[in-house]
Amino acid sequence: MPPIAHIVSGIKDELTGYYPSNEIDSFIRILLEHFLQISTITAYLEPDKEINIQDEARIKTAVAGLKKYCPVQYITSEAFFYGLVFKVTPDVLIPRPETEELVHWVIHDIISNKTENPKILDIGCGSGCIAISLAANIPDAEVWAVDISKPALEITEENVKINRVCVHTVQADILSENIDVLFPETGFDVIVSNPPYVTLPEKQDMSANVLNYEPHRALFPLGDDPLVFYDRIAAFGAHRIKENGTIYFEINEHFPEETGNILTKHHYSDVNARKDIRNRWRMIRGSRMDIHPAS
Ligand code: GLN
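Reading the values: the criteria
Residues numbered from 1 in each chain as written. Predicted model: local features only at pLDDT ≥ 70, side-chain atom pairs only at ≥ 80, totals over all residues. Heavy atoms only, no water. Near = heavy atom within 4 Å. Polar contact = N/O pair within 3.5 Å; in protein donor to acceptor, adjacent residues only side chain to side chain. Areas by Shrake-Rupley, 256 points an atom, 1.4 Å probe, with all protein chains shown as cover. Nonpolar A, V, L, I, M, F, W, Y, C, P; charged D, E, K, R; others polar. Core = buried A, V, L, I, M, F, W, Y, C linked by side-chain atoms within 4.5 Å. Buried < 20%, exposed > 50% of the residue type's maximum accessible area, 1.4 Å probe, protein only. Helix = DSSP H or I, 4+ residues; strand = E, 2+ residues; numbered from the N terminus. Contact = heavy atoms within 4.5 Å. Salt bridge = Lys/Arg side-chain N within 4 Å of Asp/Glu carboxyl O. Lys, Arg positive; Asp, Glu negative; His and termini not counted. Pairing = 2+ DSSP bridges. Axes fitted to C-alpha atoms, helices over the stretch in contact; angles between N-to-C directions. Disulfide = S-S within 2.5 Å.

Novice: Explain the site of the ligand to me, and be specific about the residues and the numbers.
Specialist: Every residue lining the ligand is accounted for by Leu 93, Arg 96, Glu 98, Asn 194, Pro 195, Pro 196, Tyr 197, Val 198, Met 206, Ala 218, Leu 219 and Glu 250. Arg 96 places a polar side-chain atom, nitrogen or oxygen, 2.7 Å from an oxygen atom of the ligand. Contact between the ligand and Pro 195: a nitrogen atom at 2.6 Å from a main-chain N or O atom of the residue. A total of 300 Å² of accessible area belongs to the ligand in isolation, and the protein chains cover 88% of it. Considered class by class, the residues forming the shell around the ligand number eight nonpolar, one polar and three charged.

Set out below in structure tokens:
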């Protein structure tokens, strides 16, 4: 049976040239913890600790995946988001740190406005990371999650169980003419969405690990219009959100103004965009102050 030191040096040798050394160190930590339940500290303190052949084989398969630039989260089927763990498969986007900032904004507003029993809808829920972290942090919330993809909703449902929260899931296409019939629920305090927003020119700069593995339907909007989902969801929200309720979006960093104009067009007020920690326009919010029935 090979000693752990041999496994660690094997991973390093295999991945050198594919990834920078700090990323290789982080893969070693993740693979040891996930497949062997061993911390890197233990690996250094007990280099002779023996690893069984089956576990060695699992590590080898994982390393082969990394050499094909498969995201490590799809290899371990696990991603961390807002302090919670989520199952992920190539049917759903891997939760991104910038989306944690959006979730944080929503939670902060709900707590500071003292909204009781807030009714929240996440449109295009994917892994469920937004809906589930909201449900976990706002215990009296009633949370709904919609996605067009059945396999994605199944992952959301698994993540609901893993994180022991309650979220109602619905399969529906927000762009469909029939959305009002498919999803009749109304009276939301908050609608939140991280829709597909990557444009074709941006696609050319995306790395292989995103392009070859993550679901394109969750990244690229139909017909390359980066605003199509914002317009549809803002229109939907205009007759589904309560007075004083709020809509939140993750946005394409190049279109904060254009996204804001869409919210204004649909009669949202107090529209404001925010940058993320990397100084990129990443999220926007608008409120339903007026109570005119939406067109
Ligand atoms: N932020 C993601 C990325 O750049 C895109 C997410 C999305 O399209 N909603 O990969």
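Novice: With reference to specific residues and values, describe the nonpolar core.
Specialist: One finds Leu 121, Phe 183, Ile 191, Ile 233, Phe 236, Ile 247 and Phe 249 to be the most contacted residues of the largest nonpolar core, which totals 32 residues. Elements with a minimum of two residues in this core: strand 3 (119-123), strand 4 (142-147), strand 6 (188-193), helix 13 (228-240), strand 7 (241-250) and helix 14 (256-265). Sorting elements by how many residues they give to this core places helix 13 first, with six residues. With sequence-adjacent residues up to four places away left out, Phe 236 is seen in contact with Leu 121, Ile 123, Ile 174, Ile 179, Asp 180, Phe 183 and Ile 191. In terms of nonpolar packing, the next biggest core, distinct from the first, is built from 30 residues, Leu 15, Ile 51, Tyr 74 and Ile 155 among them.

Novice: Outline unusual backbone geometry, listing residues and values.
Specialist: Located in the positive-phi region is Asn 117, a residue other than glycine, with phi close to 40°. Counting through the fold element by element, Asn 117 comes out in the loop between helix 6 (97-112) and strand 3. If you check the backbone angles, Asn 279 has positive phi at about 70° while not being a glycine. Tracing the backbone through its elements, the reader meets Asn 279 in the loop between strand 8 (269-275) and strand 9 (281-287).

Novice: Account for the pattern of salt bridges, naming residues and giving values.
Specialist: Under the counting rule described, the total for this entry stands at 13 salt bridges. Arg 96 is the salt-bridge partner of Glu 214, the closest N and O atoms lying 3.0 Å from each other. Taken together, the residues span a long stretch of sequence, with Glu 214 in the loop between helix 11 (208-211) and helix 12 (216-219) and Arg 96 in the loop between strand 2 (84-87) and helix 6 at a distance of 118 residues. Residue Arg 96 is classed as partly exposed on the basis of its relative accessible area, which comes to 22%.

Novice: Requested: an account of the side chain of Glu 202, with residues and values cited.
Specialist: If you trace the backbone, Glu 202 turns up in helix 10 (residues 200-203). For the buried Glu 202, no salt bridge is present, and the opposite-charge side chain at shortest range is Arg 282, 7.5 Å distant. A distance of 2.8 Å separates a polar side-chain atom of Glu 202 from the backbone nitrogen of Thr 199. Ignoring sequence-local partners within four residues, the contact set of Glu 202 consists of Tyr 197, Asn 252 and His 254.

Novice: An account of helix 7 (residues 129-137) is needed here, citing residue identities and associated values.
Specialist: Structural remark: α-helix, 3.6 residues per turn; residues separated by three or four positions point the same way. With seven of nine residues buried, helix 7 lies mostly within the body of the structure. Every buried residue of helix 7 is listed here: Cys 129, Ile 130, Ala 131, Ile 132, Ser 133, Leu 134 and Ala 135.

Novice: Quick one: what's the story with the sheet that holds strand 8, residue by residue and with numbers?
Specialist: Taking strand neighbours across the sheet as the criterion, the seven strands line up as 5-4-3-6-7-9-8 in an open arrangement whose pairing is mixed. Since the sheet does not close on itself, it has two edges, and those belong to strand 5 (167-171) and strand 8, each with one partner. Ignoring which end each strand starts from, the neighbouring axes of this sheet average 15° apart. Pairing geometry for strand 6 and strand 7, over five bridges, is parallel. Bridge assignment links Phe 188 to a residue of strand 7, and that residue is Ile 241.

Novice: Tell me about the state of the cysteines, and name the residues and values.
Specialist: Each disulfide is one covalent bond, formed between the sulfur atoms of two cysteines. Enumeration according to the criterion identifies zero disulfides in this entry. This cysteine, Cys 129, is not joined by any disulfide, and Cys 125 carries the nearest cysteine sulfur, 9.1 Å off. For Cys 129, a relative accessible area of 8% corresponds to the buried category. Not part of a disulfide, Cys 166 finds its nearest cysteine sulfur in Cys 125, a span of 14 Å. Classification of Cys 166 as exposed rests on a relative accessible area of 54%.

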